[in-house]
Amino acid sequence: MTANEKKELVKAVLNASSTCPELREACKIYLNDTDGGNEKAKAEMLIAELEEDVCALDSTLAFFESDAAKGIFGDALDGKLKAAREAKANGETVCICDGCRAGAAILEKKDEFLK
């Protein structure tokens, strides 16, 4: 995996509307290459944040079935719940939001990020 491919995956997490502020900051730090020679430490920090923030699909489903989700998503909740259930039926295990999907792609290749 090239450095540019890694950066594109990190940018996908950064630009996802569902990415939390802490993960967004970890992405920015990773992408900021002004100090050079610190890539492994930045990657370790990013991976740790991703491991904390990328949600399992079962957790997403449980949230979508809660009263809190109704208040947040309103009429859009039915579509989100349907999409999550379809993903689960198709064997998916990671939350269906763009941030979690991009984050999971990084975690699948974390050994390459930590080289």
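*Asks:* Just checking my understanding: could you explain the overall build of the chain for this structure?
*Replies:* Helix and strand content of the chain: eight helices and zero strands. Counting helices and strands in the order they occur from the N terminus, the chain gives α-α-α-α-α-α-α-α. Along the three orthogonal principal directions, the C-alpha set of the chain runs to about 45 × 25 × 20 Å. Here the chain, with 115 residues, has 32% of them falling under the buried criterion. Contacts in the chain between residues at least 24 apart in sequence constitute 57% of all its contacts with a sequence separation of at least 6.

*Asks:* It is not clear to me how the pattern of salt bridges should be interpreted in this structure. Could you clarify?
*Replies:* Oppositely charged side chains can pair when the atoms bearing their charge come close. In this structure the tally under the stated criterion is six salt bridges. The salt bridge partner of lysine 11 is glutamate 8, with a shortest N-O separation of 3.6 Å. Residue lysine 11 and its partner glutamate 8 are located together in helix 1 (residues 3–15), separated by three residues, close to a single helical turn. Linking glutamate 92 and arginine 101 is a salt bridge whose minimum nitrogen-to-oxygen distance equals 3.4 Å.

*Asks:* Could you clarify how one ought to interpret the environment of glutamate 44 in this entry?
*Replies:* If you trace the backbone, glutamate 44 turns up in helix 3 (residues 39–53). The exposure class assigned to glutamate 44 is partly exposed, which follows from its relative accessible area of 42%. Glutamate 44 sits 18 residues away from alanine 26 along the chain, and the two C-alpha atoms are 10.0 Å apart.

What counts as what
- Residues numbered from 1 in each chain as written.
- Predicted model: local features only at pLDDT ≥ 70, side-chain atom pairs only at ≥ 80, totals over all residues.
- Heavy atoms only, no water.
- Helix = DSSP H or I, 4+ residues; strand = E, 2+ residues; numbered from the N terminus.
- Buried < 20%, exposed > 50% of the residue type's maximum accessible area, 1.4 Å probe, protein only.
- Contact = heavy atoms within 4.5 Å.
- Salt bridge = Lys/Arg side-chain N within 4 Å of Asp/Glu carboxyl O.

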